[in-house]
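Descriptive structure summary
Read off the chains here:
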Amino acid sequence: MSKRSYLIISVIVVLSTVLSACATPAPAGGAGGTVTVVSDLPMTGSSLGQTQTIVNAITQAFESKGNKVCDGKWTITYKPYDDASAARGAWDPEVVTKNAKEYASNTNIVLVIGTFNSGAAKLMIPILNAENLAMVSPANTYPGLTKPGKGEKGEPEVYYPNKVRNYSRVVPADDLQGAVGAKWAKELGAKSVYVLDDQELYGKGLADVFNKAAVANGLTVIAQEGIDGKAADYKALATKINDKKPDLIYFGGITQNNAGQLFKDIRNVGFKGMLMGPDGIYEEAFVKAAGDASENVYLTFGGLPVDKLTGKAAEWRDAYKAKFKSDPEVYAIYGYVSAQVTMDAFERVCKSGKALTDRAAVREAVFATKDLDSVLGKFSLDANGDTTDTTMSGVQIRKGKFEFVTLLK
Amino acid sequence: MQLVRRFLPLVIGIYLLLFFGPLAGFDFFRIVGEIYNKPSLLLQQLINGLANGSIVAIVALGYTLVYGIIELVNFAHGDVFMLGAFMALTVIGATGVTETSTASEKLTAALLAGAAAIIFCGVINVIIERFAYRRLRNAPRLAPLISAIGVSFIVQNIGLFWGGLRSFFPIMGVNSAAPKAFPDLIGRVDVFKDWFGLDLPITLSTKELMVIVVAAALMVGLRLLVQYTKIGKAMRATAENRDAAKIMGIDIDRVISFTFLLGGALAGAAGLMFGLYNNTVVFTMGFTGGLRAFTSAVLGGIGNITGAMFGGILIGLLAAFSDQYFSSRWTNAWVFAILVTVMVFRPTGLMGENVGQKA
């Protein structure tokens, strides 16, 4: 091919891209049109195992209604965004901020399902808050994002410069998870605990709650320490902890901050006690990374394990398996519920006679979610944007499988 | 006046240490008390630190070798180390050897993996030099540096891609970016107890012994090679004065290629050792591991082979000591605070740079 034909082809390619971008019709008033819903989840890195199933579930939820709401007047275009980078192999603050700015400026985007990591939410909420853009998180559990007095000083107000809440979540927050974890540790017979965290918002927040709750439950907390999630190994720290002989070690953090290596090293130095972690390590990737060291690890999380789901949730699971030919991970169902919250809010916006492109109306509708009949049962969102659902379960890893142990209260 | 000026940083440093140290876990009397009460714990941490430091040191050798010859901080080196670990994992996966195989099978698999990783990384490093650095050799210093950072990202993404090839290599697991379990071929046998029948309060496992012995052997070998062979002599001559070496009939390109081959081979060996020792490999390990190793090379005096080894072990020991007696939250801060302190007083590093003047 000559140089000229290259030139012509590239011009055609560029032009067609530009034209197709313009071709989307601009929706007018309440007459209908197209709106975009995006999800913001880390999809480069080991979280992908989890997040891909969330994206699948969201797709499944929208498709179950033919991607239409309001009697077919409005079409929902769903677009999954990735907030991770290859360099970090996990969520990346730079990408989160870049994504947030894009959502804020693209007026066709009326709702964001995300984020996955609480640290990412911290960055994204204020940017979207300024633009009245509603968020529904399927996974953030850091209490300070919504609950006054449960996080740092000034939280959660600092995230809402507009003074109006735009962020909600469909999972129970960690003020519940950390507390039930400590209580469970006591029931399991632990007297002394050693608390570790990965120094991130989610992990440290959770470990702090666990620490406080452990003391309140009469357990001895030997110390709380942070680990460097990028270190090659933790043998020195494990040696130190093993010397103190705690009955149980609690790790607040995520798989992507080297939880596998940490647990391996703790077992390698000969620690024989119990190990406990939160939902951040409740995934296949953790079992793969920790290998034998994941054996007998106790896990807490909001909701029920996939194979323990009943009723409508079980129907959803079977439909998911049939459609995607694989098992959903634990957060997938919250992805589905997030999409249900979205569609429910959209219906009510239409009923009020407003257009779905009205971001403020959508935001209000999300916060007015009441007794939504979701696959997880009926729940509402309170004024803080928190779910009224408080189901928590305790799980243990046995022979590499997650085995349901008990409901936690 | 001169004296005051000379020691002013030291005084400021001590002042900062006394005031801010306790925040980061520095409590002199508590630490002395703990060591006095349980000296065996200190010894145990020294073993931990030594083993960790040994791996860092071998990677650091690669940085220092290349810097010594062409004054380039080869940022891609850490990522080549990661590729070495991936190659070793792939080969071990292909042999089908697992934790339950016999000792001779394990040894064969480890040696095969080692040979593959060493050859592969050596060749990769030579290719990188040929394509990304050679043409920039006489360009301003920043050009090859940026090129090195670029190569680092490329190699990292190759690792990410490689980790996703689970249909070819089932050992890579479920997810391209997830940490991968490296088979534990060495096992954890307590050398003192099971080999010598000594019941000591400290343990030295076969893993730590392997890492320390192999690292020491590699360093001695490298030292001998550089000191006593013809190519070693050529390397030193090139390092000292490239133009003069050329006039004397030394094929500069060949010498530099050989240096990269050697550095890559060391990275490959370190990759295998990392896998066998920590039993987890992940595509980002090159970046973070490389940063520590580079720091060690600078601490020891970049360009100096003994210095790199020494710096690596020192950093390993320091990190272990900090984890035990300060606070693991502050370990990185302590390591880099020491680095800054050393740099302030000895800008050429602990052992100084022995590469001679540069044109």
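Keep in mind that what you see is a predicted model, and the values were worked out from it rather than measured.

Check the secondary structure of chain B and you find 14 helices and 2 strands. Here the C-alpha atoms of chain B give a radius of gyration of 22 Å, agreeing with the 21 Å that 2.2 N^0.38 yields for 359 residues. When its C-alpha atoms are laid out on the principal axes, chain B stretches across 65 × 60 × 40 Å. Within chain B, contacts between residues at least 6 apart in sequence are counted, and of these 75% link residues at least 24 apart.

Glancing now at the environment of Tyr331(A). Residue and element names in this part refer to chain A. Secondary-structure assignment places Tyr331 in the loop between α10 (311-324) and α11 (332-351). In the structure, Tyr331 is positioned 160 residues away from Val171 in sequence and 9.1 Å away in space, judged by C-alpha atoms. When sequence neighbours within four positions are dropped, the list of residues in contact with Tyr331 reads Gln50, Ile54, Pro138 and Ala139.

In this section: the domain arrangement of chain A. Buried accessible area, meaning the area lost when the parts come together, often serves as the stated size of an interface. Residue and element names in this part refer to chain A. Each assigned domain of chain A is listed here: domain 1 (30-172 + 311-379) and domain 2 (174-302). When each unit is reduced to the centre of its C-alpha atoms, the spacing between domain 1 and domain 2 is 29 Å. Listed as interface residues are 22 residues of domain 1 and, on the opposing side, 17 residues of domain 2. Only α2 (48-64) and α4 (118-129) provide two or more residues apiece to the side of domain 1 that touches domain 2. With 3 residues, the single largest contributor to the side of domain 1 that touches domain 2 is α4.

Once that is clear, we can look at the interface of chain B and chain A. Listed by partner, the interface residues are 34 residues for chain B and 30 residues for chain A. Where the side of chain B that touches chain A is concerned, the elements lending two or more residues are α3 (39-70), α6 (142-163), α12 (285-300), α13 (305-325) and α14 (331-345) of chain B. A per-class count over the side of chain B that touches chain A returns 11 nonpolar, 20 polar and 3 charged.

Turning to the packing of α3(B) against α12(B), a few remarks are in order. Residues and elements named next belong to chain B. Where α3 contacts α12, the two axes come as close as 8 Å, and the packing angle between them is 70°. For the element pair α3 / α12, the angle class is roughly perpendicular. Both α3 and α12 take part in a crossing whose hand is right-handed. Counted together, Val56, Ala57, Val59, Ala60, Tyr63 and Thr64 of α3 and Gly289, Gly290, Arg292, Ala293, Phe294, Ser296 and Ala297 of α12 form the full contact between these two elements. Per-class residue counts for the contact of α3 with α12 are 8 nonpolar, 4 polar and 1 charged.

Let us now look at the pairing of strand β9 (residues 192-197) of chain A. Residue and element names in this part refer to chain A. Judged by how many residues are buried, β9 sits mostly within the fold: 5 of 6 residues are covered. Both β9 and strand β10 (residues 220-226) contribute to a ladder of 5 bridges, which runs parallel. Residue pairing across strands places Asp197 opposite Gly226, the latter belonging to β10. Each parallel crossover has a hand, and the one from β9 via helix α6 (residues 201-216) to β10 is right-handed. Here β9 pairs with strand β11 (residues 248-252) via 5 bridges, running parallel. What sits directly across from Tyr194, in β11, is Ile249.

A few words on the sheet that holds strand β8 (residues 167-169) of chain A. Residue and element names in this part refer to chain A. Judged by pairing direction, the sheet is mixed, and its 6 strands sit side by side in the order β2-β3-β1-β6-β7-β8 without closing on themselves. Unpaired on one side and paired on the other, β2 (68-69) and β8 mark the two borders of the sheet. In this sheet, strand β3 (residues 74-82) lies alongside β2 in antiparallel orientation, the contact comprising 2 bridges. The residue of β3 that forms the bridge with Lys68 is Thr75. Of the strands in this sheet, β6 (109-114), β7 (134-137) and β8 touch helix α12 (residues 359-367), which is tilted by about 35° from β7.

All names here are of chain A. Locating Thr75 in the fold gives a position in strand β3. For the pair Thr75 and Thr36, spaced 39 residues apart in sequence, the C-alpha separation works out to 8.5 Å. Look past the residues within four positions of Thr75 in its chain and what remains in contact with it is Thr34, Asn67 and Lys68.

In this section: unusual backbone geometry. The omega angle of the peptide bond from Gly114(A) to Thr115(A) is 0°, so this bond is cis rather than trans. Examined against the element boundaries, Thr115(A) turns out to sit in the loop between β6 and α4. In this model, Glu155(A) is joined to Pro156(A) through a cis peptide bond whose omega is -5°. Counting through the fold element by element, Pro156(A) comes out in the loop between β7 and β8. You will see that Asn258(A), though not glycine, has its phi angle at about 70°, which is positive. For Asn258(A), the position within the fold is in the loop between β11 and α8 (259-268). Assessed through the 28 C-beta atoms surrounding it within 10 Å, Asn258(A) is described here as buried. The phi dihedral of Asn279(B) falls on the positive side, at around 60°, and the residue is not glycine.

All names here are of chain A. Of all 7 residues making up strand β16 (residues 392-398), 5 are buried, and the element is well covered by its neighbours. Bridge analysis of β16 against strand β17 (residues 401-408) gives 7 bridges, and the strand direction is antiparallel. By the bridge assignment, Arg398 is partnered in β17 with Lys401. Remark: 2 residues form the turn of the hairpin made by β16 and β17, two consecutive strands paired antiparallel; Lys399 in that turn has positive phi of roughly 50°.

In this section: helix α11 (residues 252-278) of chain B. Residue and element names in this part refer to chain B. Its 27 residues place the ends of α11 38 Å apart at the C-alpha level, agreeing with the 39 Å of an ideal helix rising 1.5 Å per residue. Along α11, 21 of the 27 residues are buried, which leaves the element largely enclosed by surrounding structure. Positive phi appears at Asn279, one or two residues downstream of α11, with a value of about 60°.

On to the sheet that holds β17(A), then. Residues and elements named next belong to chain A. In spatial order, the strands read β10-β9-β11-β12-β13-β16-β17; together these 7 strands make up an open sheet with mixed pairing. Each end of this open sheet is capped by a strand with a single partner; those strands are β10 and β17. Between one strand axis and the next, the sheet turns by 25° as a mean value, whatever way the strands run. Relative to strand β13 (residues 298-302), helix α5 (residues 174-187) is tilted by about 145°, and along the sheet it contacts β9, β11, β12 (274-277), β13, β16 and β17. The strands touched by α6 are β9, β10 and β11; relative to β9, the strand with the most contacts, the crossing angle is about 165°.

Residue and element names in this part refer to chain A. Look at α10: 20 Å from first C-alpha to last across 14 residues, which is about the 20 Å you get at 1.5 Å a residue. All of the buried residues along α10 are Ala313, Trp316, Arg317 and Tyr320. The buried residues of α10 occupy one face: seen down the axis, they fall within an arc of 100°. Seen from the buried face of α10, the exposed residues on the opposite side, beyond 90 degrees, are Gly311, Glu315, Asp318 and Ala322. The inward-facing, buried residues of α10 contact α2 and α11. Positive phi shows up at Lys325, right after α10, with a value of about 55°.

Rules behind the numbers
Residues numbered from 1 in each chain as written. Chains lettered and ligands numbered in written order. Predicted model: local features only at pLDDT ≥ 70, side-chain atom pairs only at ≥ 80, totals over all residues. Helix = DSSP H or I, 4+ residues; strand = E, 2+ residues; numbered from the N terminus. Rg over C-alpha atoms; globule rule 2.2 N^0.38 Å. Contact = placed C-beta atoms within 7 Å. Domains from an automatic or database assignment. Nonpolar A, V, L, I, M, F, W, Y, C, P; charged D, E, K, R; others polar. Axes fitted to C-alpha atoms, helices over the stretch in contact; angles between N-to-C directions. Parallel < 35°, antiparallel > 145°, perpendicular 65-115°, else oblique. Left-handed = near helix turned anticlockwise from the far one by under 90°. Buried ≥ 20, exposed ≤ 12 C-beta atoms within 10 Å, placed from the backbone. Pairing = 2+ DSSP bridges. Right-handed = clockwise from strand over helix to strand, strands pointing away. Expected span 1.5 Å × (residues − 1). Arc of directions from axis to C-beta.

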